[in-house]
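For reference, the chains in residue letters:
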Amino acid sequence: MASPAISVAMSVYNGGEFLAEAIESVLGQSFGDFEFLILDDGSSDSSPAMIERYALRDARIVPIIRENRGLIASLNQLVETARAPILARMDADDICEPQRFIRQHAFLMDNPDHGLVGSWSLDIDETGQPCVTAGVNHPVTYDEVLSVIEERSPICHPSAMMRRDVLVAAGGYHRAFRHCEDYDLWLRLASRTRMANVPERLLRYRRTEGQISNRFSIDQHYGAAVAVLAYRERMAGRPDPTEHIESLPPIEGLDALFGRPVSREIRAKVARGLLYSRSAMRSAGFDLLLEHVGDGGRGRDLWRTVPRLLRFGQPLRAVRLAAALAAPGTR
């Protein structure tokens, strides 16, 4: 069989609630020359049966049903399985606009020096209605991408379309950066290829209480901070110590990994990134914050966290933070 122009890569884990809508939005693309790889990662809900039903209806769907191995293993398997030179990511709870593929494919054909293109997105809630968030539009040009890449992810992962050979040459998704594997990948690709975003809302991105950014905010912020640190090592011409590791060490182990004192810097960055996370401030994120204060961390943003903890229903933690901030710095 002739290779398709695009391989669509979707990993599913207990995604039955929104899966049909996501699949239908891919099948309804105005650009139809694609294979649709749908990998079920050991779901216990209706997802496998739904995937197999759709595969019977549309020959472009390639179902892969197996035991649970996690998202990163699933993404790398999809990359290995893909037959097309271009890979389009898609999540099981989002919705593609009908013109997404044709717009992004045309961009890559017109810009051979670009290995990755995303798009702007529209945030929707669990009912599919637009919702207001504090986010900003993703950068459009490569120069704009580089200007923000150390501060935030420049590409919305499920909107990404990329050249498969560029992705493979970069080593695919790295297992150590669980819950922020996309951001680490963009940071690694930034020095290998140009990347951009189509300034159109070609994806409806679903926000839910159970999404990774809410459930694993501590791991996500920590991984992102280390990914940026590794990016800076590469940009400085130094070896990337995270290149071949399977998991990240605890923060106190970073000094040994990078061969110089970096843990205090990372602790500060992660702690301040978690100040608005209810789940993090109710769990280990609060202990990390106290360690940062113990390192000498101060500022209005930390003091504003005291009343925020009260709103989070954590009065004792509010008192502890106020006392720590009022005490003289210990380091």
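Note on numbering: residues in each chain are counted from 1, in written sequence order. Side-chain atom pairs in this predicted model are given and counted only at pLDDT of 80 or more, local residue features only at pLDDT of at least 70, and totals for whole chains, interfaces and linings cover all residues. Based on all heavy atoms of the structure, the side-chain values leave hydrogens and waters out of the count.

1. Points about the overall build of the chain
Phase 1 of the analysis: Strands here mean DSSP runs of E at least two residues long; helices mean DSSP runs of H or I at least four residues long; both are numbered from the N terminus. The number of helices and strands found in the chain is 15 helices and eight strands.
Phase 2 of the analysis: Relative to the compact-globule value of 20 Å for 331 residues, the chain shows a C-alpha radius of gyration of 21 Å, a close match.
Phase 3 of the analysis: Along the three orthogonal principal directions, the C-alpha set of the chain runs to about 70 × 45 × 35 Å.
Phase 4 of the analysis: Per-residue accessibility, obtained with a 1.4 Å probe over protein chains only, is compared with the maximum for each type, and a residue is labelled buried under 20%, exposed over 50%, and partly exposed between these values. A burial count over the chain gives 52% of its 331 residues as buried.
Phase 5 of the analysis: Contact definition: two residues touch when any of their heavy atoms are within 4.5 Å. The long-range fraction of contacts in the chain, counting pairs at least 24 apart against all pairs at least 6 apart in sequence, stands at 76%.
Phase 6 of the analysis: Surface accessibility follows the Shrake-Rupley procedure with a 1.4 Å probe radius. Residue values consider only the protein chains on display as shielding. Accessible area of the chain: about 15000 Å², with a carbon and sulfur share of 53%.
Phase 7 of the analysis: Positive charge is attributed to Lys and Arg, negative charge to Asp and Glu, and no charge count is given to His or to the chain ends. To locate a charge, take NZ of a lysine, CZ of an arginine, CG of an aspartate or CD of a glutamate. Measuring between centres, the 40 positive side-chain charges of the chain sit 6 Å from its 43 negative side-chain charges. With the radius of gyration taken over C-alpha atoms, the globule rule is written as 2.2 Å times the number of residues to the power 0.38.

2. Thoughts on helix α7 (residues 181-189)
Phase 1 of the analysis: The element α7 is largely enclosed, with a buried count of nine among its nine residues.
Phase 2 of the analysis: All of the buried residues along α7 are E181, D182, Y183, D184, L185, W186, L187, R188 and L189.
Phase 3 of the analysis: Of the surrounding secondary structure, the elements contacted by the buried residues of α7 are α3 (71-81), β6 (114-124), β7 (161-163), α6 (164-169), β8 (194-206) and α9 (217-235).

3. Considerations on the sheet that holds strand β2 (residues 34-41)
Phase 1 of the analysis: Here we have eight strands laid out as an open sheet, ordered β3-β2-β1-β4-β7-β6-β8-β5, and mixed in their pairing. In this open sheet, the two edge strands, each paired with only one partner strand, are β3 (61-66) and β5 (95-96).
Phase 2 of the analysis: In this scheme, strands are said to pair when DSSP sees at least two bridges between them. Two elements, β5 and β8, share two bridges in a ladder whose sense is antiparallel. Of the residues in β8, the one forming a bridge with I95 is R204.
Phase 3 of the analysis: Here helix α1 (residues 16-27) sits on the sheet and contacts β1 (6-12), β2, β3, β5 and β8; the angle it forms with β2, its principal contact strand, is near 165°. An axis is simply a line fitted to the C-alpha atoms; with a helix, the fit covers only the stretch in contact. Between two such axes, the angle follows the N-to-C directions and lies from 0 to 180 degrees.

4. Let's talk about the pairing of β1
Moving residue by residue along a regular strand, the side chains alternate between the two faces of the sheet.
Phase 1 of the analysis: Counting buried residues along β1, seven of its seven residues qualify, which places the element largely inside the surrounding structure.
Phase 2 of the analysis: The side-chain alternation of β1 yields two buried faces, one formed by I6, V8, M10 and V12 and the other by S7, A9 and S11.
Phase 3 of the analysis: The pairing of β1 with strand β4 (residues 86-89) spans four bridges and is classified as parallel. Across the sheet, residue S7 finds its bridge partner in β4, namely L87.

5. What to know about unusual backbone geometry
Phase 1 of the analysis: Notably, N14 is not glycine yet its phi reads approximately 50°, a positive angle.
Phase 2 of the analysis: Taking relative accessible area as the criterion, N14 reaches 32% and is therefore assigned partly exposed.
Phase 3 of the analysis: In this structure, H179 takes a positive phi of about 80° despite not being glycine.
Phase 4 of the analysis: Residue classification places H179 among the buried residues on the basis of a relative accessible area of 9%.

6. Quick word on the layout of surface pockets
Phase 1 of the analysis: Here the second largest pocket is characterised by a volume of approximately 320 Å³.
Phase 2 of the analysis: The definitions used throughout rest on a 1 Å grid laid over the protein atoms alone, on which a cavity is an enclosed set of points accommodating a 1.4 Å probe that cannot get out and a pocket is an open set flanked by protein within 12 Å on both sides along at least five of seven lines; lining residues are those having an atom within 4 Å of a point. If you go around the second largest pocket, you meet 15 residues; those closest to its centre are A170, G171, H174, R188 and E243. Grid points are joined across faces, edges and corners, and a volume is the space filled by probe spheres set on the points.

7. Digging into helix α11 (residues 263-273)
Helical periodicity: at 3.6 residues per turn, an α-helix aligns residues three or four positions apart in one direction.
Phase 1 of the analysis: Residues of α11 that are buried include every one of S263, I266, R267, A268, V270 and A271, and no others.
Phase 2 of the analysis: Lining the buried residues of α11 we find α9, α10 (254-258) and α13 (284-294).

8. So, the side chain of E233
Phase 1 of the analysis: With respect to the helices and strands, the residue E233 is situated in helix α9.
Phase 2 of the analysis: E233 has contacts with R238, P239, P241, F258 and R260, leaving out every residue within four places of it along the chain.

9. Observations concerning the environment of E252
Phase 1 of the analysis: Mapped onto the elements of the fold, E252 is located in the loop between α9 and α10.
Phase 2 of the analysis: With a relative accessible area of 58%, E252 lands in the exposed category.
Phase 3 of the analysis: In the structure, E252 is positioned 13 residues away from E265 in sequence and 11 Å away in space, judged by C-alpha atoms.

10. Examining the pairing of β3
Phase 1 of the analysis: Here six bridges tie β2 to β3, and the two strands are oriented parallel to one another. In the strand pairing of β3, D40 is matched with I65.
Phase 2 of the analysis: Whether a crossover is right-handed depends on one test, that the path from the first strand over the helix to the second runs clockwise when the strands point away from the viewer. Crossover handedness for the path β2 to helix α2 (residues 47-57) to β3: right-handed.

11. Considerations on the side chain of S121
Phase 1 of the analysis: Looking at the element boundaries, S121 is found in strand β6.
Phase 2 of the analysis: A residue is classified by how much of its surface remains accessible, and S121, at 15% relative accessible area, is buried.
Phase 3 of the analysis: Sequence-distant contacts of S121, defined by excluding residues within four places in its chain, comprise C156, R201, L203 and Y205.

12. Details of the pattern of salt bridges
Phase 1 of the analysis: What counts as a salt bridge is simple: a side-chain nitrogen of Lys or Arg found within 4 Å of a carboxyl oxygen of Asp or Glu. One pass over the full model with this rule turns up 21 salt bridges.
Phase 2 of the analysis: The partner of E35 in a salt bridge is R83, and the shortest N-O contact between them spans 3.2 Å. Taken together, the residues E35 in strand β2 and R83 in the loop between α3 and β4 connect sequence positions 48 residues apart.
Phase 3 of the analysis: Assessed through its relative accessible area of 5%, E35 is described here as buried.
Phase 4 of the analysis: The partner of R232 in a salt bridge is E150, and the shortest N-O contact between them spans 2.7 Å.

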